[in-house]
Amino acid sequence: MLTTRYVTGAPNWIDLGAPDIDGAAAFYGGLFGWHFQPGGPEVGGYGLFQLGGRTAAGGMQTTADQGPPSWTVYFQAPDADATARAAEQARGSVAVQPMDVQDLGRMAILADRAGVTFGLWQPGRNEGLEVVQDHGSLCWVELYTADVPAAAAFYHSVLGLETFGADFAGGTYTTFSPAGQSEDAMFGGVVPLADEPSEEEAYWLPYFEVADTDATAARARELGGTVRLPATDLPSVGRLAKLADPYGARFAVIRSEPRQG
């Protein structure tokens, strides 16, 4: 599962772009207990969401010409430049060319064949998120796409990701694991858009672990957010809900079932 012992291809960072970062900080602070630590002008005001003193996400204020408010999932790359070239060769694209972020690391923003945006983070002094799986932190990522085989082929060629089919009541769920890892190392999944009526476009959706899905969904609504999919049980997985913050950035929350064995 997702851990902070990051390996090539695993999600190692997420960040939020919002038109009002102070308003977003108030929302996520009220929802997850995050504290926003803004950065200085040398990083364009990019700041860190802290959970109990550990970094749970990044965030910055964005404008309309930078795209709609959204969460971006970043994957670990040992060489961001080489990975960006691989994405282009696999019929993806590079939206933001690889660049150094001080001595913290090197980042890029790419898009897959379907135009789905995702990021690369080549660790420097900053290895990645400091907390995952705890309540209020990232625990899973999910790709919605019209063509699962094409997406699996793209992410395998670019990030080395392996796919596995996990059986569940009603069908099979395709999961992602880092290169050379077993199915036990899965950190995310792929869902056909045709099978998910709550989703209308291809994108990466981050999931955050919570203690009580229903209470979190209700609290999101109180704070000005939207409940896109009410709390729903998935047998042997957990209870999830799909939400959006007051600016429209989409995310999900889940109270995961304890793992067996």
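For the structure, check the block above.
Basis of the calculations
Residues numbered from 1 in each chain as written. Predicted model: local features only at pLDDT ≥ 70, side-chain atom pairs only at ≥ 80, totals over all residues. Heavy atoms only, no water. Salt bridge = Lys/Arg side-chain N within 4 Å of Asp/Glu carboxyl O. Helix = DSSP H or I, 4+ residues; strand = E, 2+ residues; numbered from the N terminus. Buried < 20%, exposed > 50% of the residue type's maximum accessible area, 1.4 Å probe, protein only. Axes fitted to C-alpha atoms, helices over the stretch in contact; angles between N-to-C directions. Parallel < 35°, antiparallel > 145°, perpendicular 65-115°, else oblique. Left-handed = near helix turned anticlockwise from the far one by under 90°. Contact = heavy atoms within 4.5 Å. Nonpolar A, V, L, I, M, F, W, Y, C, P; charged D, E, K, R; others polar. Pairing = 2+ DSSP bridges.

Whenever I open this one, the pattern of salt bridges confuses me. Can you help?
Working definition: two side chains of opposite charge can pair if their charged atoms are close together. Under the definition given, this model contains 11 salt bridges. The salt bridge partner of Asp-103 is Arg-125, with a shortest N-O separation of 3.1 Å. Of the two residues, Asp-103 is situated in the loop between strand 6 (93-101) and strand 7 (105-111) and Arg-125 in the loop between strand 8 (117-123) and strand 9 (138-145); the sequence distance between them amounts to 22 residues. Residue Asp-103 is classed as partly exposed on the basis of its relative accessible area of 47%. You can call Arg-125 exposed: its relative accessible area is 58%. Where Arg-239 meets Asp-214, a salt bridge forms, and the shortest distance between an N and an O atom there is 2.6 Å. Placement of the pair is Arg-239 in strand 15 (residues 238-244) and Asp-214 in helix 4 (residues 213-222), with a sequence separation of 25 residues.

Is there a simple way to explain the packing of helix 2 (residues 80-89) against helix 3 (residues 148-159) in this structure?
Helix-helix packing: each pair is described by the crossing angle between the helix axes and the interaxial distance. Where helix 2 contacts helix 3, the two axes come as close as 8 Å, and the packing angle between them is 150 degrees. Put simply, helix 2 runs roughly antiparallel to helix 3. For the crossing formed where helix 2 meets helix 3, the hand is right-handed. Touching Thr-83, Ala-86 and Ala-87 of helix 2 are Phe-154, Ser-157, Val-158 and Leu-159, all from helix 3. Classifying every residue of the contact of helix 2 with helix 3 gives 5 nonpolar, 2 polar and no charged.

Just to check I follow, could you spell out the sheet that holds strand 10 (residues 162-168) for this structure?
Within the open sheet, the 8 strands sit side by side as 10-11-12-9-13-16-15-14. Their pairing is mixed. One side of each edge strand has no neighbouring strand; the edge strands of this open sheet are strand 10 and strand 14 (226-234). Within this sheet the neighbouring strands show an average axis-to-axis angle of 25 degrees, counted without direction. When strand 15 meets strand 16 (residues 250-256), the two strands line up antiparallel, connected through 7 bridges. Along strand 16, the bridge assignment pairs Lys-242 with Ala-252. Along the sheet face, helix 1 (residues 21-32) touches strand 13 (203-209), strand 15 and strand 16 and points at about 10 degrees away from the line of strand 16. On the sheet, helix 3 packs against strand 9, strand 10, strand 11 (171-177), strand 12 (188-192) and strand 13 and is oriented at approximately 125 degrees with respect to strand 9.

Honestly, the pairing of strand 16 in this entry has me stumped. Any pointers?
Two faces belong to every sheet, and in a regular strand the side chains alternate between them. The pairing of strand 13 with strand 16 spans 3 bridges and is classified as parallel. Within strand 16, the position partnered with Glu-209 by the bridge is Ile-254. Between the end of strand 15 and the start of strand 16, which pair antiparallel, lie 5 residues, with Gly-248 showing a positive phi angle near 105 degrees.

What am I meant to see in the sheet that holds strand 8 here?
Hydrogen bonding along the main chain pairs the strands of a sheet, whether they run parallel or antiparallel. With mixed pairing, the 8 strands of this open sheet are ordered in space as 2-3-4-1-5-8-7-6. Of all strands in the sheet, those with a lone pairing partner are strand 2 (35-37) and strand 6, marking the two edges. Averaged over all pairs of adjacent strands, the angle between strand axes in this sheet comes to 25 degrees, irrespective of strand direction. Looking at chain direction, strand 2 and strand 3 (residues 47-51) are connected through 3 bridges and run antiparallel. Residue pairing across strands places His-35 opposite Gln-50, the latter belonging to strand 3. Together, strand 1 (11-18), strand 2, strand 3, strand 4 (54-61) and strand 5 (70-76) form the strand contacts of helix 1, whose direction differs from that of strand 1 by roughly 125 degrees. Sitting on the sheet, helix 2 is in contact with strand 6, strand 7 and strand 8, with an inclination near 180 degrees to strand 6.

Just checking my understanding: could you explain the pairing of strand 13 for this structure?
Among the 7 residues that make up strand 13, 7 are buried, leaving the element largely enclosed by the rest of the structure. Where burial is concerned, the two faces of strand 13 agree: the one with Tyr-203, Leu-205, Tyr-207 and Glu-209 and the one with Trp-204, Pro-206 and Phe-208 are both buried. Here strand 9 runs beside strand 13; their pairing, made up of 6 bridges, is antiparallel. Looking at strand 13, one finds that Leu-138 is bridged to Phe-208.

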